[in-house]
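# Survey of secondary and tertiary structure
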Amino acid sequence: MTGKSKETIYQYLFTCEVKNMTTVENDIKEKYSNLREEKSKEIYFYNSALFKHYVTFIQTHTLFIKEIFIKPVEKKETIKIIKKTTPSLEDRGITKKDVLQKAKKVDNDEFYTRYEDIEKELLLYDKKIWKNKVVFCNCDDAVDDDEKDTSAFALYFMRNFKELELKKLICTHYSGPVDLFNQGAKGYVFTKDGFREFKEFPKEYTGSFDHPLSLKILAEETDIVCTNPPFSRAIDYWETVIKSGKKFLIISNISNAINTAFIPYFKNNTVWAGYNRVDYFLNPKKQLVDASGHWYTNIPIKDRPKYKNLKILPLKEIPEKYKKYDDSKTLLVDNCFIPSDYKKPFAVSARPVLNGVLEKGYKIIQDKRYTPYINGKEGFARVLLQKI
Ligand SMILES: C[S@@+](CC[C@H](N)C(=O)[O-])C[C@H]1O[C@@H](n2cnc3c(N)ncnc32)[C@H](O)[C@@H]1O
């Protein structure tokens, strides 16, 4: 049987015979009272998991007699495009260089985060940080009935919603040039509020993290932001999230601690490294690719396990091959050796910062990266530290 409401055609996907319809109906109303609309008094099952729950509830009810009809899953119709007319670059007002640049940018951004990398990091934080909190995944964290078209961030929080005692999960889909999760060209906001799960497609909404609606959700609803933002937008993404004053747990490039755009955040202690590096992502073909990512956060880290990688020793005990002076007589130390008795500034790579050197009595003393020269030859970029 089918029916029609103002906006949708709906179908009864499940029909059955029961002993006393009024009693069953009252039990359904009571059981799903939180899904009942206040005005219309109708109950909506927003996704297939909830619908399955409802069907099972009836099937196991003491007054249930027998099932009459379950609508078979319809095969999706495939539409063949026979003739395709592609506008020329000129028609589109762009050059070949624009296309190449865009392709490169897209290429660097369009990676899936693996579920296991999210689980491995998030399990290390105190579970209490999530209790009663609203989590916002704001960089294309699509949600679909099919798990393969759902971002691993959304999946992790949906699966652990109860366990973490979350209040709400909000995920956005970005309508960018590459549709990583096959979610269509419209940006949307997915919300899971307790049992209720729904998607909204606000007019003109792109799903970009800096769209006014995303910024409103960030400012007014969010407690914790958690996602893997596009590397190409990392600078403005960090600025947006840090400015919001919210807690965050995000993946970004492993070398941010020696990059001038990010050094001030580490220097001012507004950001620090999370627990793990992220060595792999999945490309759009779901193949493993190298990632050079790391988790970053402003949530407390307990007894950072990577402290053990730091070798804090008197300067004379640091092996010669890991210490040298550059042309301006600045000490450069490598391999996570840190001089414990050196009062002047010295330069290190990003690794000691990721291993927690800033929590061990050292500070960053310059807002920009340090580029050493040895015999006039440029060495790799570093950051300048000094013992406090
Ligand atoms: C590294 S991927 C991660 C995707 C997904 N969050 C995950 O972790 O699997 C970055 C995603 O951000 C999307 N993106 C690009 N620009 C964006 C923007 N301005 N706002 C939100 N998302 C954006 C990209 O299309 C891409 O899907």
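The paragraphs below set out a description of the structure included in this document. Fair warning: this is a prediction, and the values are worked out from it, not measured in the lab.

Rules used in this analysis
- Residues numbered from 1 in each chain as written.
- Predicted model: local features only at pLDDT ≥ 70, side-chain atom pairs only at ≥ 80, totals over all residues.
- Near = placed C-beta within 6 Å.
- Nonpolar A, V, L, I, M, F, W, Y, C, P; charged D, E, K, R; others polar.
- Buried ≥ 20, exposed ≤ 12 C-beta atoms within 10 Å, placed from the backbone.
- Helix = DSSP H or I, 4+ residues; strand = E, 2+ residues; numbered from the N terminus.
- Arc of directions from axis to C-beta.
- Contact = placed C-beta atoms within 7 Å.
- Core = buried A, V, L, I, M, F, W, Y, C linked by C-beta atoms within 7 Å.
- Domains from an automatic or database assignment.

### Quick notes on the site of the ligand
Near the ligand, the surroundings consist of 22 residues, among which Thr113, Asp140, Tyr174, Ser208 and Asn228 are the closest. Within the shell around the ligand, the residues separate by chemical class into 10 nonpolar, seven polar and five charged.

### Here we look at helix α5 (residues 115-122)
By the burial criterion, the buried members of α5 are Asp117, Ile118, Glu121 and Leu122. Buried residues of α5, seen end-on, are gathered within an arc of 115° and therefore sit on one face of the element. Residues of α5 that are buried make contact with α6 (152-159), β11 (272-282) and β12 (288-297).

### Considerations on α6
Among the eight residues of α6, six are classified as buried, and the element is accordingly described as predominantly covered. Along α6, the positions that sit buried rather than exposed are Ala152, Phe153, Ala154, Tyr156, Phe157 and Met158. Where the residues of α6 are buried, they touch α5, β5 (134-137), β6 (168-173), β7 (188-193) and β9 (224-227).

### A word on unusual backbone geometry
Of all residues except glycine, most have a negative phi; of all peptide bonds, most are trans. For lysine 329, which is not glycine, the phi dihedral falls at a positive 65°. Along the chain, lysine 329 falls in the loop between β14 (323-325) and β15 (331-333). A positive phi angle is found at asparagine 335, which is not glycine, with a value near 55°. Mapped onto the elements of the fold, asparagine 335 is located in the loop between β15 and β16 (337-339). Given 15 C-beta atoms within a 10 Å radius, asparagine 335 is considered partly exposed.

### Here we look at the nonpolar core
Cys226, Ala257, Phe266, Val353 and Val383 are the most contacted members of the largest nonpolar core, which has 68 residues in total. Residue contributions to this core reach at least three from each of two domains, namely domain 2 (102-302) and domain 3 (306-387). Those residues in contact with cysteine 226, other than ones at most four positions away along the chain, are Val135, Cys137, Phe153, Phe248, Leu249 and Ile250.

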